[in-house]
Structure formats: C-alpha cells, structure tokens
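Remarks on the overall topology
One letter stands for each residue in the lines below.
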Amino acid sequence: MGVCPLARMPLLRDNFTGPLHPWARPEVLTCTSWGAPIIWDGTFDPDVAQQEAVQQNLTVGLTVFAVGRYLEKYLARFLETAEQHFMVGLRVVYYVFTERPAAVPRVPLGPGRWLRVERVARERRWQDVSMARMRALHAALGGRLGREARFVLCMDVDQHFSGAFGPEALAESVAQLHAWHYRWPRRLLPFERDARSAAALGPAEGDFYYHAAVFGGSVAALRRLTAHCARGLRRDRARGLEARWHDESHLNKFFWIYKPAKLLSPEFCWSPDIGRRAEIRRPRLLWAPKEYALLRG
Ligand code: UDP
Ligand code: MN
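Let us look at the structure shown here.

**Quick look at the packing of aromatic side chains**
Within the structure shown, the criterion is met by 16 aromatic pairs. Aromatic pair F86 and F165: ring centres 5.9 Å apart, planes at 40 degrees, arrangement tilted. Linking F86 in the loop between α2 (70-85) and β3 (91-98) with F165 in the loop between β6 (159-161) and β7 (173-177), this pair joins segments that are 79 residues apart in sequence. For the pair F254 and Y258, a centre-to-centre distance of 4.9 Å together with 40 degrees between the ring planes defines the contact as tilted. Aromatic rings pair up to connect W34, F208, Y210, F254, F255 and Y258 into one cluster. Over the ring of W34 we find K259, and its NZ or CZ is 5.4 Å from the ring centre. In this structure, R284 packs its charged tip against the face of F268, placed 4.9 Å from the ring centre.

In structure tokens:
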C-alpha cells in the first residue's frame, strides 16, 4: 500500500496527523482515491499531532444537541467522558444546543475548557430535531462559535468517549466512516436514491457512507457544509420530500460533491452491537444502545 499523497504535503499544518504510517495497517484502506488519509489506530503519531496543535494554541469547538429526553439520558456522560478524552491539553469550547438551558448538567471542566449553551426550539418529530441541527449550526458558526474556534467537531449526543480523541482527527473537513456500512459494497449503501430529492445520488455515485454522528472541519468549511445541507433539507420539505436518513443523506451528498480532507475510521465512532472485529483496535467513541421506544415515543 502506497503512502497517502496528501499526508506528505506541507498542508500538514492544517491536517494534524503527524507522520502517517499507512503501512502500519496493511489490512485496511488508509487513503481515499482523491488522496485523503483515512486514519486508523497506529497510522498516526498522536504526540506529533498534539505538539502541532499546542504550538498553534488551537481552540476546538465541540457541538452537541440535547433536546427533549436526550438531555437527561445522554448529555452528562457525553460531557464527562469528553473531559477525559476529547482534545485533552487543548482549548475546548463545548456548545450545547437545547430547549432547556437550565437543565444542562454542571459537569466540572478542566482548565482551558468552557461550555456554552444555545437555546433551540423543540421540534415535535425526532427527525425534525435532527434536521434542524444544520440550520442552528450554520447560525452558531456565523456567530460566537465561529469566532472562538479554529476547528469544530459536530456530534450526536447518544454516545460516549472511550479513548483518546485528539487533534489527529482535525483537518479542513472531516467525515466519519459509518460503523455499520464501511464493509458494504458501494451499490448497497443507503444513500438517498429518489432523484427528486436534493440529497439524491445516482447508482454510480457515492464514495463511502458517512455517519452524521461525527463531522467536522474548519469554521469556513463547516459554514459551507451546513448551508448546503440546510438548503437541501428546505428544498425537499418544500416539495413534500424527506430524504431516507434525513440530515445524514444531505451530508453524504455534500461529501460526494466536496470531498472530505480526512476520514475517520469506524474506530472513531463504533457501535458495540456489531461485536468484535480485528480491525477495530481502540474505539474512541461508543454508540449508546438505541432505546427508541423510550426516547421517541
Ligand atoms: N436529538 C435530540 N433530541 C431528539 C432527537 C435527536 O437531541 O429528540 C439529537 C441528539 O443529539 C441525537 C441526534 O439529534 O444524538 C440525532 O438523533 P439520533 O441519535 O436519535 O439519530 P440516529 O443516531 O439514531 O440516526
Ligand atoms: Mn445518534
């Protein structure tokens, strides 16, 4: 397996990976056809990434939505484990979006770490809560969050950190390989296929299926991403359409057109329900069990 060309470019300044060792994981794909690294445990040097990020005095934003029952159910553990594993040693600003700011748990934060709460409306359907994220993120990125952070990661709340999630995960734009789909043949991936939808991909389109539970990048790149997805969601709604996987379908369309600069292996957002797999060495984030009856009822 060859060395990923992007990883050797001077652009490493904005691509915190340290020296890449794709040959350290010969059993998995470590580079995309367009030259973006796919980072797996062992393919990067976390110390080099950390050094570079510290030198730049980086501030990293982490956004998370906790609306309705998701707040009590998931937010405390998400934040507590983020304190242990997310961008440790860097400046971090959490942005929690909720309709009930007073109910946000007071998780003790380390030095150089802050939490801000943004109020959002409570949508009636869970699909609408999920889809409304793109518009709210776009607004926040154009405001205080965009001024404070150099890079931002946007995450689902129904998961917790289980291993180091550091600056190696940062780049101009970052997409997450979906744990359930990374081994599937491309033609079976659950992209939106209805040509009337703004999220539609043709039969020969789509590189990978990306998971909307983790995406990120620079503020400018995320402004473009959220604008694109919010526009697509709006257009579909005006035509009485809803893409198969909601905001995730539009995210997949965006990353098909504008290729991500870095991909995170499924180790970065793993579902324990899948069971053990040899290539999943050290999961960084673990999905919570889906309790839809309780949450969405
Ligand atoms: N969400 C929320 N309240 C809801 C529905 C969704 O806060 O009622 C947020 C939450 O951050 C959640 C994300 O939107 O993690 C996506 O929804 P969910 O995790 O249920 O979707 P799935 O991961 O099953 O596709
Ligand atoms: Mn989720």
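**A word on unusual backbone geometry**
Of note, the phi angle at M87 is positive, near 50 degrees, even though the residue is not glycine. Relative to the assigned elements, M87 resides in the loop between α2 and β3. Despite not being glycine, H246 shows a phi value in the positive range, around 55 degrees. If you trace the backbone, H246 turns up in the loop between α5 (219-238) and α6 (247-257). For H246, a relative accessible area of 9% puts it in the buried group.

**Concerning the environment of T63**
Structurally, T63 is set in strand β2 (residues 59-65). Taking the relative accessible area as the measure of exposure, T63 reaches 1% and is therefore buried. Placed 151 residues apart in sequence, T63 and V214 show a C-alpha to C-alpha distance of 9.9 Å. Excluding anything up to four places from it in sequence, T63 contacts Y95, F97, L137, L145, V152, L153, C154 and M155.

Calculation rules
Residues numbered from 1 in each chain as written. Chains lettered and ligands numbered in written order. Predicted model: local features only at pLDDT ≥ 70, side-chain atom pairs only at ≥ 80, totals over all residues. Heavy atoms only, no water. Phe/Tyr/Trp six-rings, centres within 6.5 Å; stacked < 30°, edge-to-face > 60°. Helix = DSSP H or I, 4+ residues; strand = E, 2+ residues; numbered from the N terminus. Lys NZ or Arg CZ within 6 Å of the ring centre and 35° of its normal. Buried < 20%, exposed > 50% of the residue type's maximum accessible area, 1.4 Å probe, protein only. Contact = heavy atoms within 4.5 Å.

Coordinates in, geometry out; function isn't part of it.
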